Amino acid sequence: MTAMELRPQRAARPRHYLMCRPTHFEVTYSINPWMDPAKPVDTELAVTQWEQLLALHRRLGHHVELIDPLPGHPDMVYAANGATVVDGRVLGARFRDTERAAEGPAYLEWFRDRGYRVHDPVHVNEGEGDFLLAGDRLLAGTGFRSTPESHAEAQEFLGRPVAGLELVDPRFYHLDTALTVLDEDEIMYFPGAFAPHSLAVLRRLYPDAILVDEADAEHFGLNAVSDGRHVILPESAAGVARRLRERGFEPVGLDLSELLKGGGSVKCCTLEIRDRPALG
Ligand code: ARG
């Protein structure tokens, strides 16, 4: 029997997600290095690719809800930026750029209408673009979008200790483009995206993390969504898929090339709603 066969199978936990159809997706402005308004975008193809992600989440047994896209807000498809939800508490997003400003209140209203406890943020934070929950710890990116002040605000409202991480490479402007949470205390990341002092923190907290190389990070291989067993990621990030298989995960590749033109992929399109645990 090989070591592979001895390993117990990883368990998937059903999740609750929020997504936004890219009905109005286009690239008309540029707020990250991937966005080039001169490059044509095929909105219909973006919708088709996005629908494949939606269908896959549902096939894997996850509960996906949809928020209505706002006309004139092409980036609203990147639902991960809309909020951060822990124990049914919703920290709203406050965007750095005016082009996306209206998205924050739109997402907050969606949650408020459904009875969630919401907090209207004071400081700039771009939701799960920069806040990733790993077990009981909130990994929090800064450097380009979310501010260090927002980290303190998140810790206070969500009640989880925050580990702040500084991003230094403009191509990886949100934490979820540079780091993936695979399970409670397992992550993968691209070391080149982090400031040396943040890298030291990551090494200390996660000595066994999968280190991803620049080529795979450039394919948005870290913009992935894990349910503890299946890891959905861009199919072009072949090296990441191999590494995941070695660790006993089941990588599932998808083509989201149109959405990459806005600087996002699988994770950007998927906001996780962590509901309040049911009382026992
Ligand atoms: N065009 C969007 C922006 O620059 C892309 C956001 C991607 N979302 C993410 N969670 N990284 O804001």
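For the structure itself, consult the block above.
Residues numbered from 1 in each chain as written. Predicted model: local features only at pLDDT ≥ 70, side-chain atom pairs only at ≥ 80, totals over all residues. Heavy atoms only, no water.

Q: Before we go on, may I ask you to explain the overall build of the protein in this structure?
A: A count of helical and extended segments in the protein gives 8 helices and 15 strands. Taking 280 residues into account, the globule formula puts the C-alpha radius of gyration at 19 Å, and the protein, at 17 Å, falls close to it. Once the C-alpha set of the protein is aligned to its principal axes, its extents read approximately 55 × 45 × 40 Å. The buried share of the protein, taken over its 280 residues, is 54%. If you take every contact in the protein between residues at least 6 apart in sequence, the share linking residues at least 24 apart comes to 70%. For the protein, the computed accessible surface area is about 12100 Å², with 51% contributed by carbon and sulfur atoms. Both charge centroids of the protein, one from 30 positive and one from 43 negative side chains, sit 5 Å from each other. (Helix = DSSP H or I, 4+ residues; strand = E, 2+ residues; numbered from the N terminus. Rg over C-alpha atoms; globule rule 2.2 N^0.38 Å. Buried < 20%, exposed > 50% of the residue type's maximum accessible area, 1.4 Å probe, protein only. Contact = heavy atoms within 4.5 Å. Areas by Shrake-Rupley, 256 points an atom, 1.4 Å probe, with all protein chains shown as cover. Lys, Arg positive; Asp, Glu negative; His and termini not counted. Charge placed at Lys NZ, Arg CZ, Asp CG, Glu CD.)

Q: How should I be thinking about the site of the ligand in this particular structure?
A: In the region of the ligand, 17 residues are neighbours, and Asn32, Arg100, Asp176, Gly262 and Cys268 sit closest. One nitrogen or oxygen atom from the side chain of Asp75 is found 3.0 Å from a nitrogen atom belonging to the ligand. One of the side-chain nitrogen or oxygen atoms of Asp176 is found 2.7 Å away from a nitrogen atom of the ligand. Expressed as a share of its isolated accessible area of 350 Å², the protein-covered part of the ligand is 100%. (Near = heavy atom within 4 Å. Polar contact = N/O pair within 3.5 Å; in protein donor to acceptor, adjacent residues only side chain to side chain.)

Q: Explain the nonpolar core here, please?
A: Buried together is how nonpolar side chains tend to be arranged in soluble globular proteins. The biggest cluster of nonpolar side chains holds 33 residues, and the ones touching the most others in it are Leu139, Leu179, Ile187, Met188, Phe194 and Leu244. Among the secondary structure elements, those contributing two or more residues to this core are strand E6 (131-134), strand E8 (162-166), strand E9 (179-183), strand E10 (186-189), helix H5 (196-205), strand E13 (230-234) and helix H7 (238-246). Residue contacts for Leu244: discarding those within four places in its chain leaves Leu182, Met188, Ile210, Val231, Leu233, Phe249 and Pro251. In this structure, Tyr17, Tyr29, Leu256 and Cys269 belong to the second largest nonpolar core, which totals 23 residues. (Core = buried A, V, L, I, M, F, W, Y, C linked by side-chain atoms within 4.5 Å.)

Q: Can you help me understand the pairing of strand E14 (residues 250-254) in this one?
A: A regular strand places its side chains on the two faces of the sheet in alternate fashion. Note that E13 and E14 share 5 bridges and pair parallel. Note that in E14 the partner of Ile232 across the bridge is Val252. (Pairing = 2+ DSSP bridges.)

Q: Could you clarify how one ought to interpret helix H4 (residues 148-158) in this entry?
A: Spacing of three or four residues puts side chains on the same side of an α-helix, whose turn is 3.6 residues. Every buried residue belonging to H4 is among Ser150, His151, Glu153, Ala154, Phe157 and Leu158, and all of these are buried. Seen from one end, H4 has its buried residues packed into an arc of 165°, which puts them on one side. Exposed side chains of H4 directed beyond 90 degrees from the buried face belong to Pro148 and Glu156. For H4, the elements touching its buried residues are strand E3 (83-86), strand E4 (89-92), strand E5 (117-119), E6, strand E7 (137-142) and E8. The positive-phi residue at the C-terminal boundary of H4 is Gly159, with phi of around 70°. (Arc of directions from axis to C-beta.)

Q: Help me understand the sheet that holds strand E12 (residues 225-226), please; the structure alone is not making it clear to me.
A: What holds strands together in a sheet is hydrogen bonding between their backbones, with the strands either parallel or antiparallel. Overall, mixed pairing links the 3 strands, which are arranged E12-E13-E14 in an open sheet. Two strands bound the open sheet, and with one partner strand each, they are E12 and E14. Sheet topology places E12 next to E13; 2 bridges connect them, and they run antiparallel. Following the sheet pairing, Val225 is matched in E13 by Ile232. Contacting E12, E13 and E14, helix H2 (residues 43-59) crosses the sheet at an angle of about 155° to E14. (Axes fitted to C-alpha atoms, helices over the stretch in contact; angles between N-to-C directions.)

Q: Just checking my understanding: could you explain the environment of Thr43 for this structure?
A: Tracing the chain through its elements places Thr43 in helix H2. As for Thr43 and His57, which are separated by 14 residues in sequence, their C-alpha atoms are 21 Å apart. Aside from chain neighbours lying at most four places away, what touches Thr43 is Pro22, Thr23 and Phe25.

Q: Explanation requested: the pairing of E9 in the structure shown.
A: With 4 of its 5 residues buried, E9 lies for the most part within the structure. Judged from the 4 bridges that link them, E9 and E10 form a sheet pairing that is antiparallel. The residue bridging Thr180 from the neighbouring strand is Met188, located in E10. Here E9 folds back onto E10, and the loop between the two strands holds 2 residues.

Q: Whenever I open this one, the sheet that holds strand E11 (residues 210-211) confuses me. Can you help?
A: Here we have 3 strands laid out as an open sheet, ordered E9-E10-E11, and mixed in their pairing. Because the sheet does not close on itself, it has two edges, and the strands there are E9 and E11. Here E10 runs beside E11; their pairing, made up of 2 bridges, is parallel. Residue Tyr189 lies in a different strand from E11, and its bridge partner there is Leu211.

Q: What exactly am I supposed to notice about the pattern of salt bridges here?
A: If charged atoms from side chains of opposite charge come close, those side chains can pair. One pass over the full model with this rule turns up 19 salt bridges. Among the salt bridges present, the one from Glu246 reaches Arg243, with a minimum N-O distance of 3.9 Å. Taken together, the positions of Glu246 and Arg243, both in helix H7 and 3 residues apart, correspond to about one turn of that helix. Using a relative accessible area of 46% as the deciding quantity, one classes Glu246 as partly exposed. On the basis of relative accessibility, which here comes to 27%, the residue Arg243 falls in the partly exposed class. (Salt bridge = Lys/Arg side-chain N within 4 Å of Asp/Glu carboxyl O.)

The quantities given are spatial measurements derived from coordinates; they are silent on function.
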